[in-house]
Amino acid sequence: MKKILNTMLITSLFLIVLSFNQRVLADTNSLPKVTYQSQVENIGWQNNVEQEQTSGTMGQALRDESFKINLLNAPSDAQIQYEAHVQNIGWMNAVSGSNIAGTVGQSLRLEAIKISLINMPEYSVQYRAYIQNIGWQDWTNDGEVAGTVGQGLRLEAFQVRIVKKPNSQAVVLNKTLDNLFVGNTDKLTAIISPKNAVIQNINWTSSNPAVASVDNAGKVTAISEGDVTITATTADGGKTASCNYTVTSVTNVSSVSLNKSSEALNVGQTDNLSANILPTNATNKAVRWTSSNNSIVSVDNITGKITAVSAGEASVTATTIDGNKTGVCNIEVKSTENDGVSVSYSANVDSRGWQNSVSDGEISGTVNESLNTHGFKIELLNAPEGAGIAYSTKAANSGWTYLVRDGKESNVDEPYANIEAITVSLLNMPGYHVEYQAQIQNIGWQTWVSDGQIAGTLDKGLRLEALRIRIVKNFDVQYKAQFESTGWTNTSASDGAVIDTSGQAFKMEALKVNLQNAPSGARVEYQAHVENVGWMDPVYDGAAAGMEGQGLRIEALKMKLINAPNFSIRYQVDIQGIGWTNWVSNDEIAGTTGVGLRIQGIRAEVYFDNGTDKSMATTPSENPTAALLTSTNYKLSEYLRSSANIQETNQTAIKLHGGVNSNNCVYFSSTALRSVGINVPTDMCNTGVYTNFLASLGWSKQLDRDFLTPGSICFTYDGDYTCPTHTYVFLDWVNPDDHTLAYIADNQSSSVHIRSLVETEQFDPFVYFMHE
């Protein structure tokens, strides 16, 4: 009997264990999980793996090119979403449901991935990547980046797992102690660990709501004086963290004064102003600094440091944050620039006669006294030999006086007529400009004008009451670039000169820009948009913009001048497949973003900005249409920039012509077109037939060579022929301003070469061109 009982007991235990194991197995099989697979260089699609297994390869130097992920045992509305960062493309759109992320058949590496769960709040997706030269990275969670961006490293393998989110283990606040004034607020932030805890909710409480209250978002409001503790408690486990506040009353500012009420500076000098706040125990002593004219005096809005920028007068004001109380310092800036060149001038004022001469931005005439001026005398001091200054005034109800110069009286024929306008110009002083500003009845000070522009009003009966004049010296911008395969250009260019790689169209990888002979304090700021990186931080005054020596192209640029009033910088770039853009200026974008096109040439110049339009053309679109990247023109110009491709095309053309080395221009051009996907018959050899064939494809015929774009097919006449005698492919202009020399490719050279488009008696180098 005992033996039978033992047998029954053992059998029962076995059945219990078996039942338990079956339940565990069933529960495991019902847990959410992922399966995933990689498409690998030289291998193709691998088999599916699941939950923390490796997809891809390790140690074989093979790139993952795309991947798919599938979510199993999940709620019906749940999804797993994933996206790929791909070589030369960047982040692609997110996909889900076993769709492909990445590319297939394009030989482009995966560089990074992001994976997220949707409608599964109690679970996290965790994943890690195996990266070229790095190995396995740490696990990341829920939409974070695994891999690298902007480093050109391939992702070779990855692992994914679904895990249940844990309960919160601890909570900390962004601060534990602080002071508040009655009526003020503060924001507390609670950080729960682990960061993927299933419940992230916080309950906020105040130990004394009469002293300070707190809302559900952690916003603390001080109500009355006293001490109070604000506590954050996790909603799922009672973990707590606290911040202690001391609340005090506010003492308001009653007045502010500056350490000086007036000051004289030379251009380029600096000083530090300070504010004296009363009462001394005021709660908030902060002030905000402003200048009435930043082109004359600039000021740091926090520290009160002032910089004299150009000759003239301006006021600097300190305004208290509490109560908007103000203190003012009046600043006079005198010029010591311009190699000692100065301007002296005086006004003939109603009832007072000729005033004493003033100079370099000082006021001649009267302000707020309602007095007419009857004439001016202006002359240069310390000017170069032969230089001079000429001026003319206009009297009310009369015309312009004769032009006088160098200290002579204007309006000498009508010495009592009331002046309403004036023009001033420099003579024989290249590199300098004259600026002047008029004080006008009922208007006040007008904006500065320059170099023969009218200051004042015409036929409105308004008197010109005062005048300020100053001389401004020009300066230059210099720039040099680093190109792939060639390195930094040997010398810097300036004054709008082109720097590129002579038709080879290498990508620009870095740029340095600086100013020459600039006013004191003037700077140039410039910024590069770089392949796989995007906009980088601005740099200044000769520093390298871009990724020097990293093999990454610059795709767009921005430039601007700092502390250079009345001057601007303009620039234009040569873009892959587009050619030279229009001029842009003052922090506008030159180039493209998001379409993978390199900058392959640049030029820039500083110009005196007297308010007229210097752009010379409309600003180009930041991003050309996507159609450009697939156009025949684009592909043809890119193909023929390679000397190896030109040589191979020439060899094919000679074979098609039965081994003949001459008169192969159509063979050459049509062979190049076939190389980029246009099915031109191999027996195409006549320019007229070639023109008609291209027209049958929908290509348009253009006559104006100023509209040539890279990849256009050009046709020429020689002598009295009635049919075009030569064809070549236009690649770009040597000089974007002078459309006489072009970079081209044809059967007459083994590489890109320069062709003159200047017409001669017996030779017309350009008649028409055709493009898609």
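Basis of the calculations
Residues numbered from 1 in each chain as written. Predicted model: local features only at pLDDT ≥ 70, side-chain atom pairs only at ≥ 80, totals over all residues. Heavy atoms only, no water. Helix = DSSP H or I, 4+ residues; strand = E, 2+ residues; numbered from the N terminus. Rg over C-alpha atoms; globule rule 2.2 N^0.38 Å. Contact = heavy atoms within 4.5 Å. Areas by Shrake-Rupley, 256 points an atom, 1.4 Å probe, with all protein chains shown as cover. Lys, Arg positive; Asp, Glu negative; His and termini not counted. Charge placed at Lys NZ, Arg CZ, Asp CG, Glu CD. Buried < 20%, exposed > 50% of the residue type's maximum accessible area, 1.4 Å probe, protein only. Polar contact = N/O pair within 3.5 Å; in protein donor to acceptor, adjacent residues only side chain to side chain. Phe/Tyr/Trp six-rings, centres within 6.5 Å; stacked < 30°, edge-to-face > 60°. Lys NZ or Arg CZ within 6 Å of the ring centre and 35° of its normal. Pairing = 2+ DSSP bridges. Axes fitted to C-alpha atoms, helices over the stretch in contact; angles between N-to-C directions. Core = buried A, V, L, I, M, F, W, Y, C linked by side-chain atoms within 4.5 Å. Domains from an automatic or database assignment. pLDDT = per-residue confidence, 0-100. Patch = residues over 30% accessible without salt bridge, like charges linked within 9 Å, V, L, I, M, F, W, Y side chains within 5 Å. Salt bridge = Lys/Arg side-chain N within 4 Å of Asp/Glu carboxyl O. Parallel < 35°, antiparallel > 145°, perpendicular 65-115°, else oblique. Left-handed = near helix turned anticlockwise from the far one by under 90°. Nonpolar A, V, L, I, M, F, W, Y, C, P; charged D, E, K, R; others polar.

Engineer: Explain the overall build of the protein here, please?
Structural biologist: In terms of regular secondary structure, the protein is built from six helices and 67 strands. For 772 residues, the compact-globule estimate of 2.2 N^0.38 gives 28 Å, and the protein exceeds it by more than 25% at 38 Å. Along the three orthogonal principal directions, the C-alpha set of the protein runs to about 145 × 100 × 45 Å. In the protein, 59% of the contacts between residues at least 6 apart in sequence involve partners at least 24 apart. With an accessible surface of roughly 35900 Å², the protein has 47% of that area assigned to carbon and sulfur atoms. One finds the centroid of the 52 positive side-chain charges in the protein at a distance of 9 Å from the centroid of its 76 negative side-chain charges.

Engineer: How do you make sense of the side chain of Arg-161 when you look at a structure like this?
Structural biologist: Within the secondary structure, Arg-161 sits in strand E15 (residues 155–164). Judged by relative accessible area, which is 17%, Arg-161 ranks as buried. A distance of 2.7 Å separates polar atoms of two side chains, one belonging to Arg-161 and the other to Gln-126. Sequence-distant contacts of Arg-161, defined by excluding residues within four places in its chain, comprise Val-34, Gln-51, Glu-52, Ser-124, Val-125, Gln-126 and Trp-139.

Engineer: When you look at the packing of aromatic side chains in this model, what are you seeing that I'm missing?
Structural biologist: Remark: the centre distance and the inter-plane angle together describe each pair of aromatic rings, the angle taken between the planes. Considering all chains together, one arrives at eight aromatic pairs under this definition. Look at Tyr-130 and Trp-136: their rings are 5.4 Å apart centre to centre, the planes differ by 70 degrees, and that puts the pair in the edge-to-face class. Within the aromatic cluster, the residues linked to one another by ring pairs are Tyr-36, Phe-67, Tyr-82 and Phe-158. When the ring centre of Trp-535 is taken as reference, the NZ or CZ atom of Lys-558 above it lies at 4.6 Å. The ring of Tyr-768 has Lys-701 lying over it, and the distance from NZ or CZ to the ring centre is 4.1 Å.

Engineer: For this particular structure, what's the right way to read the sheet that holds strand E26 (residues 262–266)?
Structural biologist: Taking strand neighbours across the sheet as the criterion, the four strands line up as E26-E33-E32-E29 in an open arrangement whose pairing is mixed. Sheet topology places E26 and strand E29 (287–291) at the edges, where each strand pairs with a single neighbour. Between one strand axis and the next, the sheet turns through 25 degrees on average, direction left out of account.

Engineer: It is not clear to me how the sheet that holds strand E30 (residues 297–299) should be interpreted in this structure. Could you clarify?
Structural biologist: Here three strands make up an open sheet; going across it, the order is E27-E31-E30 and the pairing antiparallel. Looking at the sheet topology across the chains shown, the edges are occupied by strand E27 (270–272) and E30. Each strand axis lies, on average, 20 degrees off the axis of its neighbour in the sheet, ignoring direction. Summarising the sheet, E30 and strand E31 (residues 305–308) pair through three bridges and their orientation is antiparallel. Counted as the bridge partner of Ser-298 is Thr-307 from E31.

Engineer: What exactly am I supposed to notice about the nonpolar core here?
Structural biologist: One recurring pattern in soluble globular proteins is that nonpolar side chains are buried together. Core analysis: the biggest nonpolar cluster contains 42 residues, and Met-559 and Leu-561 have the highest contact counts within it. At the level of elements, strand E47 (476–483), strand E51 (508–516), strand E52 (523–530), strand E56 (554–562), strand E57 (567–575) and strand E61 (599–608) are the ones that each hand at least two residues to this core. Judged by nonpolar contacts, the second largest core, of 31 residues, contains Val-349, Phe-376, Ala-438 and Leu-462.

Engineer: It is not clear to me how the domain arrangement of the protein should be interpreted in this structure. Could you clarify?
Structural biologist: How big an interface is tends to be reported as the loss of accessible area on association of its parts. Along its sequence, the protein is organised into domain 1 (33–164), domain 2 (170–248), domain 3 (255–334), domain 4 (342–473), domain 5 (476–628) and domain 6 (631–771). For domain 2 and domain 3, the distance between their C-alpha centroids amounts to 39 Å.

Engineer: Please explain helix H6 (residues 687–696) as it appears in this structure.
Structural biologist: Each α-helix turn comprises 3.6 residues. Residues three or four places apart therefore point the same way. For H6, every residue scored as buried is listed here: Thr-687, Gly-688, Tyr-690, Thr-691, Phe-693 and Leu-694. For H6, the N-terminal capping position is held by Asn-686, with its side-chain oxygen 2.8 Å away from the main-chain nitrogen of Gly-688. Looking one or two residues beyond H6, the residue adopting positive phi is Gly-698, at roughly 95 degrees.

Engineer: Looking at this model, I keep getting lost on the pairing of strand E34 (residues 342–349). Mind explaining?
Structural biologist: Where a strand is regular, its side chains alternate between the two sheet faces. Burial analysis of E34 places eight of its eight residues in the buried class, the great majority of the element. Every second residue of E34 is oriented toward a common face, with Ser-342, Ser-344, Ser-346 and Asn-348 on one face and Val-343, Tyr-345, Ala-347 and Val-349 on the other, all of them buried. Of the pairings in the sheet, the one linking E34 to strand E38 (residues 373–381) comprises eight bridges and is antiparallel in character. Paired with Val-349 across the strands is Thr-373, a residue of E38. The sheet contact formed by E34 and strand E36 (residues 358–359) spans two bridges and is antiparallel. Bridge pairing links Tyr-345 to Val-358 in E36. Where E34 and strand E35 (residues 353–354) come together, two bridges link them in antiparallel fashion. Paired with Val-349 across the strands is Gly-353, a residue of E35.

Engineer: Can you help me understand unusual backbone geometry in this one?
Structural biologist: Negative phi is the rule for most residues except glycine; trans is the rule for most peptide bonds. Residue Pro-279 follows Leu-278 across a cis peptide bond; omega there is -5 degrees. Not every positive phi belongs to a glycine, and Asn-133 is a case in point at roughly 70 degrees. Inspection of the secondary structure assignment puts Asn-133 in the loop between strand E11 (123–131) and strand E12 (135–136). Since its relative accessible area comes to 73%, Asn-133 is described here as exposed. Here Asn-324, not a glycine, exhibits a phi torsion of approximately 55 degrees, which is positive.

Engineer: For this particular structure, what's the right way to read the confidence of the model for the protein?
Structural biologist: Close reading of the predicted structure is inappropriate where its pLDDT is low. The pLDDT averaged across the protein works out to 86; a share of 91% of its residues lies at or above 70. Predicted confidence is poor over residues 612–626, with pLDDT under 50, and the contacts of this stretch with residues over four places away or in other chains come to 27 contacts.

Engineer: How should a nonpolar patch on the surface be read in this particular structure?
Structural biologist: A surface patch of nonpolar side chains, about 250 Å² in accessible area, is lined by Trp-45, Ile-100 and Val-104. Mapped onto the elements, Ile-100 comes out in the loop between strand E8 (95–96) and strand E9 (101–102).

Engineer: Would you take a moment to explain the environment of Ile-454 for this structure?
Structural biologist: With respect to the helices, strands and loops of the structure, Ile-454 is situated in the loop between strand E44 (449–450) and strand E45 (455–456). Ile-454 sits in the partly exposed class, given a relative accessible area of 40%. Sequence separation between Ile-454 and Ile-422 is 32 residues, and the spatial gap between their C-alpha atoms is 5.9 Å. If we ignore the near neighbours within four places in the chain, the residues touching Ile-454 are Trp-400, Ala-421, Ile-422, Thr-423 and Val-449.

Engineer: Help me understand the packing of helix H5 (residues 665–675) against H6, please; the structure alone is not making it clear to me.
Structural biologist: For any two helices packed against each other, the geometry comes down to the angle between their axes and how far apart the axes lie. Remark: H5 packs on H6, axes separated minimally by 10 Å, with the N-to-C direction vectors making an angle of 25 degrees. With respect to H6, the element H5 is oriented roughly parallel. Of the two elements, H5 crosses H6, and the hand of that crossing is left-handed. Side by side, H5 and H6 meet where Val-666, Ser-669, Ser-670 and Leu-673 of the first sit next to Thr-687, Tyr-690 and Leu-694 of the second. Within the contact of H5 with H6, the residues separate by chemical class into four nonpolar, three polar and no charged.

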